[in-house]
Amino acid sequence: MRSPRHETGPPDLTTPEGFGAFYEEHIDSVLGFVTRRVTDPHLAADLTADIFLAAMGSAAGYRPNRGAPIAWLFGIARNVLSGHARGLARESGALARLSGRRLLEDEDVAALEERIDAQRAFRELAQRHAALSEPLRAALDLVVIDELTPAEAAQALSVTRATIRVRLHRARRALGAPGSVTEGQLEVAR
């Protein structure tokens, strides 16, 4: 079930208090987004920090008339994770990241490992729906798994609402085939 959000306007990330409140409100959603996509607790912590740093750096560009702050933040998260994936393809980038990894306390590693283990069922289901094209998977994940509204998902993906509706319809239809993952199974994996 979706938690109530208190988003009444643009996040004020220009003050320590504003950023702190924004961070507290959205950290669990961002950690969930990241831990569904990576298995290394150090990497999950680094990517989550990078997402919030990117949000702080681009807060001036947030336009409240274009959607909710969480959709804006998930758009940033997708960009950060995509940038990370592109970097892994380049050997020099991967080596630089490994040497610059932030150190975590043992209890932080344990907490992230626990969170990653809790997401294991989702990752197994995600493998079964990997046959979907990336645009269909992205739309489905943002709406079903990350609990964005179709309008918020459209904003995060920079597409129209009609495009999201079509992608969701096609993804659900494809997942309804015998032996495929159903939306109910995706709901249980959360």
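Residue numbers run consecutively from 1 along every chain, following the written order of its sequence. Local features in this predicted model are restricted to residues whose pLDDT is 70 or higher, and side-chain atom pairs enter the listing and the counts only when it is 80 or higher, whereas totals over whole chains, interfaces and linings include all residues. For side-chain calculations, the full set of non-hydrogen atoms in the structure is used, while hydrogens and water are omitted.

Only DSSP runs of H or I reaching four residues or more are called helices, and only runs of E reaching two or more are called strands; each is numbered from the N terminus. Each helix and strand in the chain was counted, giving 10 helices and 0 strands. For the chain, the sequential pattern of α-helices and β-strands runs α-α-α-α-α-α-α-α-α-α. We call a residue buried when its accessible area falls under 20% of the maximum for its residue type, exposed when it is over 50%, and partly exposed in between, using a 1.4 Å probe and counting protein chains only. Burial analysis of the chain (190 residues in total) assigns 41% to the buried set. Only heavy atoms matter for contacts: two residues are in contact if any of them lie within 4.5 Å across the pair. Across the chain, the fraction of contacts at a sequence separation of at least 24, relative to all contacts at a separation of at least 6, is 67%. Computed by Shrake-Rupley with a 1.4 Å probe, the accessible areas treat only the displayed protein chains as cover when residues are assessed. Accessible surface, the chain as shown: approximately 10,600 Å² in total, 54% of it carbon and sulfur.

By definition, pLDDT measures how confident the predictor is in each residue, and it falls between 0 and 100. For the chain, mean pLDDT is 78; residues scoring 70 or higher make up 74% of the total. Mean pLDDT values over the elements of the chain span from 45, in helix H10 (residues 183–189), up to 94, in helix H8 (residues 150–157). A low-confidence stretch, residues 1–7 stays under pLDDT 50, and its non-local contacts, those more than four residues away or across chains, total 15 contacts. Confidence over residues 177–190 falls short of pLDDT 50; this stretch has 25 contacts with residues more than four positions distant or in other chains.

The next point concerns the packing of aromatic side chains. Stacked, edge-to-face and tilted are the three classes for Phe, Tyr and Trp ring pairs, Trp counted by its six-membered ring, which pair at centre distances within 6.5 Å; planes under 30 degrees apart are stacked, over 60 edge-to-face, the rest tilted. Applying the stated criterion to the full structure yields 4 aromatic pairs. With a centroid separation of 4.9 Å and an interplanar angle of 45°, the aromatic rings of Phe33 and Phe74 are classed as tilted. Taken together, the residues span a long stretch of sequence, with Phe33 in helix H1 (residues 16–35) and Phe74 in helix H3 (residues 69–89) at a distance of 41 residues. Residue Phe33 shares its accessibility class with Phe74, and that shared class is buried. Ring pairing ties together the aromatic residues Phe22, Tyr23, Phe52 and Trp72, which thus form one cluster. Charges are assigned to positions over rings by a cutoff of 6 Å between ring centre and Lys NZ or Arg CZ, combined with an angular limit of 35 degrees from the ring normal. The ring of Phe33 has Arg37 sitting right over it, with the charged end atom 3.7 Å from the ring centre.

Another point: the environment of His84. Relative to the helices and strands, His84 resides in helix H3. Look at His84 and you get buried, because its relative accessible area is 13%. Between the C-alpha atoms of His84 and Leu47, which are 37 residues apart in sequence, the distance is 8.3 Å.

Let us look at the packing of H1 against H3. Only the stretch in contact is used when fitting a helix axis, every axis being a line fitted to C-alpha atoms; angles between N-to-C directions are given from 0 to 180 degrees. Packing of H1 against H3 brings their axes to within 11 Å, and their N-to-C directions diverge by 45°. Taken together, the axes of H1 and H3 lie oblique to each other. In terms of crossing hand, the pair formed by H1 and H3 is right-handed. Contacts between H1 and H3 involve Phe22, His26, Ser29, Val30, Phe33 and Val34 from the former and Pro69, Ile70, Trp72, Leu73, Phe74, Ala77, Arg78 and Leu81 from the latter. Residues are grouped as follows: Ala, Val, Leu, Ile, Met, Phe, Trp, Tyr, Cys and Pro are nonpolar; Asp, Glu, Lys and Arg are charged; every other residue, Gly included, is polar. Residue composition of the contact of H1 with H3, grouped by class: 11 nonpolar, 2 polar and 1 charged. Oblique is the label for every angle not falling under 35 degrees (roughly parallel), over 145 degrees (roughly antiparallel), or within 65 to 115 degrees (roughly perpendicular). Left-handed is the label given to a crossing in which the near helix is rotated counterclockwise from the far helix by less than a right angle, and right-handed is the label when the rotation is clockwise.

Let us look at helix H2 (residues 41–57). For a helix, the expected span equals 1.5 Å multiplied by the residue count minus one. Over its 17 residues, H2 extends 24 Å from the first C-alpha to the last, a length consistent with the 24 Å expected when each residue adds 1.5 Å. All of the buried residues along H2 are Pro41, His42, Leu43, Ala44, Asp46, Leu47, Thr48, Ile51, Phe52 and Ala55. In this fold, the buried residues of H2 make contact with H1, H3 and helix H5 (106–118). For this analysis, a polar contact is any N or O atom pair within 3.5 Å, provided that within protein one partner can donate a hydrogen and the other can accept it, and provided that sequence-adjacent residues contribute only side-chain to side-chain pairs. Where H2 begins, one side-chain oxygen reaches toward the backbone nitrogen of His42, 2.7 Å away; that side chain belongs to Asp40.

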